[in-house]
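Given next are the chains, with one letter for each unit.
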Amino acid sequence: MFTKTKIFISSVAQDSLRPLRESMWEILHELGHEPMLFERNFGAWEIHTNPVQKCIECVRESDAFLLFISNKAGTFYKESQRTVTHMELIEACARRKTILVFVDSAVKAEYFAKAKAIIEEYIEACKAETSSFPKASEIVTALRSADLSSQVDPYVWFLLHDIVGRSIYFEDLNLAVAPDWKVYFSDLLRRGIQLMPFKDAIETNERQLDQHEHFYDILTNVIPIVNIAGFRSLKAFLETFQRSVTGDVVEYDYGFVKEPVGSFGDCSAVTLYEFQNDRMVVMEKTGSATGEDYYLLDNKDSFVALTYSNPEPDDQVFFKESNCTFYFCLRLPNHVMTFHLPCGPEWNTDKFMASKDSVIRVIIDKNALAFEFARMLIGGMQHGN
């Protein structure tokens, strides 16, 4: 039985692409599929509906994503640092849709001949100077002064660079000589694409949640006024937290869409260091931890020393590429507690540098209760005896 395929047709709303969008809708419709096009079947909505969110929802409902790129970029959202079309693509990638990209042949040629190298050189220069990746708006600003075609919006080069970085192949698009689209899509989509529906796997029991919150309120009020002289077994204490801290998927939040960039696993080790004079001295460690017995505070290679010496007393996350591990350092008044979180092979220093804020947010959100409980208990030791 032939399976209809929902195909989202995406492009900037520029006049030169309008005939192509219209004809593509007709062709796909004639082939028995369900094309989704703003002008035809999802562009009319209530006044209170956010148009960007509506487009993202339609991408989410589709089975395949068809993108046409010419020389215009479309509306850029400063907070998201992305255009609408780009966010649609990100959503399609995040949902693992079948993605087909066609790029104006002249634009494609100039990207590979000139723009690609310019972007890469600018990114490397920013990394060397600031130890961070530049924002999209910064890259676009740099591209404006580059020796590139003035007929092409600079953001288009950035979009193409992202597509290449995602290992998405794109084909030439020649608006003057249209290919036989019917034959192309007939062969490609005849089989149809089965959409696996996503289901929400989490159901909240309100009664248990109320009990949990009530118990947590009791703990937060009682522990700060209790003197903790020590632990019968500090190693067993740390091992309990090692088992409690778990992994998750890291997503980059663009505002309208979220994109998974990698994952990290359950905690494999925990260390607890205490400040003594001019150094951080190990009190106990568990699991695969192999740290030194102490680190001087001026040791720039020690995550523990860097965290404790930071003038801003915040929790920090570090990444070591040699063993592909995140190190989440919990900053306490006289201690640093470090959680080792092994991560997937997709991570490298560049990816971590570009996603650091997202990494620390996910680690904290996933394990907020465990970290807060550890903070209260270790903090309580400061008042013992």
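What comes next is a walk through the structure. What you are looking at is a predicted structure, and each value in this text was computed from that prediction instead of being measured.

The rules we used
Residues numbered from 1 in each chain as written. Predicted model: local features only at pLDDT ≥ 70, side-chain atom pairs only at ≥ 80, totals over all residues. Heavy atoms only, no water. Buried < 20%, exposed > 50% of the residue type's maximum accessible area, 1.4 Å probe, protein only. Helix = DSSP H or I, 4+ residues; strand = E, 2+ residues; numbered from the N terminus. Pairing = 2+ DSSP bridges. Arc of directions from axis to C-beta. Axes fitted to C-alpha atoms, helices over the stretch in contact; angles between N-to-C directions. Contact = heavy atoms within 4.5 Å.

With that out of the way, let us pick up the pairing of strand 14 (residues 325-331). With seven of seven residues buried, strand 14 lies mostly within the body of the structure. Taking every second residue as pointing to the same face, both faces of strand 14 are buried, with T325, Y327, C329 and R331 on one and F326, F328 and L330 on the other. Summarising the sheet, strand 13 (residues 316-320) and strand 14 pair through five bridges and their orientation is antiparallel. Counterpart to F319 in the pairing with strand 14 is F326. What sits between strand 13 and strand 14 in their antiparallel hairpin is a turn of four residues, with C324 showing a positive phi close to 50°. As paired elements, strand 14 and strand 15 (residues 335-342) share seven bridges and run antiparallel to each other. Pairing of L330 across the sheet is with M337, part of strand 15. From the end of strand 14 to the start of strand 15, which pair antiparallel, there are three residues.

Moving on, we get to helix 10 (residues 234-244). Buried within helix 10 are the following residues: L234, F237, L238, F241 and Q242. All buried residues of helix 10 project into a common sector of 140° when viewed along the axis, lining one side.

Further remarks concern the sheet that holds strand 11 (residues 279-285). The antiparallel open sheet is built from six strands, whose spatial order is 12-11-10-15-14-13. A single partner strand is all that each edge strand has here, and the edge strands are strand 12 (294-296) and strand 13. For this sheet, the mean angle separating the axes of adjacent strands, direction not counted, is 25°. As judged from the six bridges shared by strand 10 (residues 269-276) and strand 11, these two strands associate in the antiparallel manner. When the sheet's bridge partners are listed, T271 is paired in strand 11 with K285. Against the sheet, helix 10 contacts strand 10, strand 11 and strand 15, and its axis sits at roughly 80° relative to strand 11.

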